[in-house]
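Report on the structure
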Amino acid sequence: MSASSTPGPARFNAAAESEARAVLKEICTSAAWVDELLCGRPYPDAEALLAASDAAVARLDESGLAQALAGHPPIGRPRPSDPVSAREQRGMAGAPDALKAEMLELNLAYQERFGQVFLICAGGLGAERLRDAARERLGNTPERERVVVKAELAKINRLRLAGLMARASVSTHVLDTAAGRPAAGVGVQLAAGEGENGTWTVLGTARTDVDGRCARLPLPPQGTTRARLVFETGPYPSGKKAPFFPEITVTFAVEAGEHYHVPLLLSPFGYSVYRGS
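Here we summarise the structure given alongside this text. Position numbers for residues count from 1 along each chain, tracking the sequence in the order it is written. The predicted origin of the model limits local features to residues at a pLDDT of at least 70 and limits the giving and counting of side-chain atom pairs to 80 or more, whereas totals for whole chains, interfaces and linings rest on all residues. To get the side-chain values, all heavy atoms of the structure are used, and hydrogens and water are removed first.

With respect to the side chain of Asn-107
A run of H or I in DSSP counts as a helix once it spans at least four residues, and a run of E counts as a strand once it spans at least two, with each numbered from the N terminus. By the secondary structure assignment, Asn-107 is in helix H8 (residues 97-114). Take Asn-107: its relative accessible area is 8%, and that puts it in the buried class. Contacts: residue pairs with any heavy atoms within 4.5 Å of one another. The residues touching Asn-107, leaving out its near neighbours within four places in the chain, are Pro-74, Ile-75 and Phe-118. Each residue is placed in one exposure class: buried if its accessible area under a 1.4 Å probe, protein chains only, is under 20% of its type's maximum, exposed if it is over 50%, and partly exposed if it falls in between.

Here you go:
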């Protein structure tokens, strides 16, 4: 994906190191790759970030490559806790049972020959092409296969980084206008929806800190067109009469690559929200 079609890395450049590190580890589990990309910030554009990823993969030693491969499940057997790999491997999901069984045997044969998981950039590939690639690569020498594996890993990391830059992000800030201070301890839930009649998927929950902010809300997945924040204002402020609005739900449209800061101004008998900066 070219820089012209990929949103820029401004959000990644500006993220706190701990947040940026956590996001990168979701893309690739090699500590060396993560460290190199963090050290390269800020990146002037998307292509510079993607090129840095390619270079970092090329420089991985045996240990770094093994760390990266450990984060990838076998083809046809994605982990339930890894929706990214499941999405990338969806070409195998609907394959006939016989083909799935053959892929399992090829995975085992590859593991025995090379001592690592069979890695391929599976996005957009059907089950038969994945099987054929595994068959073909079993004939490689270990030296040749190392070159192929690094090339496939570079492609996977590129696609995942491009997806990261194409995802919207959401933050919020709750202020108690009656007291004239931030509202600490307010529960916040973030959900994502697709289309006007789409179902909602809860992405995560958080609680506002002493400054009325949530440290980190999850990134909505690619393709998200609507986001929803649910504020649990019933328990706030503690020890006082129950508020008139015990729960406040805010739904808004989102676009890929954009950041949405949605503050909530809270008072005993009213509230307001807006898109901040």
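So, the sheet that holds strand S5 (residues 200-207)
The antiparallel open sheet is built from four strands, whose spatial order is S5-S4-S6-S7. Looking along the sheet, the strands with just one partner apiece sit at the ends: S5 and strand S7 (248-253). Neighbour-to-neighbour, the strand axes of the sheet open up by a mean angle of 20 degrees, direction not taken into account. Pairing between strand S4 (residues 187-193) and strand S6 (residues 226-232): seven bridges, direction antiparallel. Paired with Gly-193 across the strands is Arg-226, a residue of S6. Pairing between two strands requires that DSSP report at least two bridges joining them. Convention adopted: a line fitted to C-alpha atoms gives each axis, helices being fitted over their contacting stretch, and angles between N-to-C directions are expressed from 0 to 180 degrees.

Some words on the sheet that holds strand S3 (residues 181-182)
Across the sheet, which stays open at both edges, the four strands sit in the order S3-S2-S9-S10 with mixed pairing between neighbours. This sheet does not close on itself; its edge strands, each paired only once, are S3 and strand S10 (270-273). Here three bridges tie strand S2 (residues 174-176) to strand S9 (residues 264-267), and the two strands are oriented parallel to one another. Bridging across to S9, Asp-176 finds its partner in Leu-266.

Regarding the pattern of salt bridges
The salt bridge definition used is simple: a Lys or Arg side-chain nitrogen within 4 Å of an Asp or Glu carboxyl oxygen. Taken as a whole and judged by the stated rule, the model has 13 salt bridges. Between Arg-158 and Asp-54 there is a salt bridge whose closest N-O contact spans 2.8 Å. Separated by 104 residues along the polypeptide, Arg-158 in helix H10 (residues 142-165) and Asp-54 in helix H4 (residues 46-58) bring together distant segments of the chain. The exposure class assigned to Arg-158 is partly exposed, which follows from its relative accessible area of 22%. Judged by relative accessible area, Asp-54 falls into the partly exposed class, the value being 26%. Of the charged contacts in the structure, one is a salt bridge between Glu-62 and Arg-146, with a shortest N-O distance of 2.6 Å. Taken together, the positions of Glu-62 in helix H5 (residues 62-70) and Arg-146 in helix H10 put the pair 84 residues apart, joining distant regions of the chain. On the basis of relative accessible area, Glu-62 is assigned to the exposed category, the value being 56%. Of the residues examined, Arg-146 reaches a relative accessible area of 26% and is grouped as partly exposed. Through salt bridges with shared partners, one network takes in Glu-102, Arg-131, Asp-132 and Arg-135.

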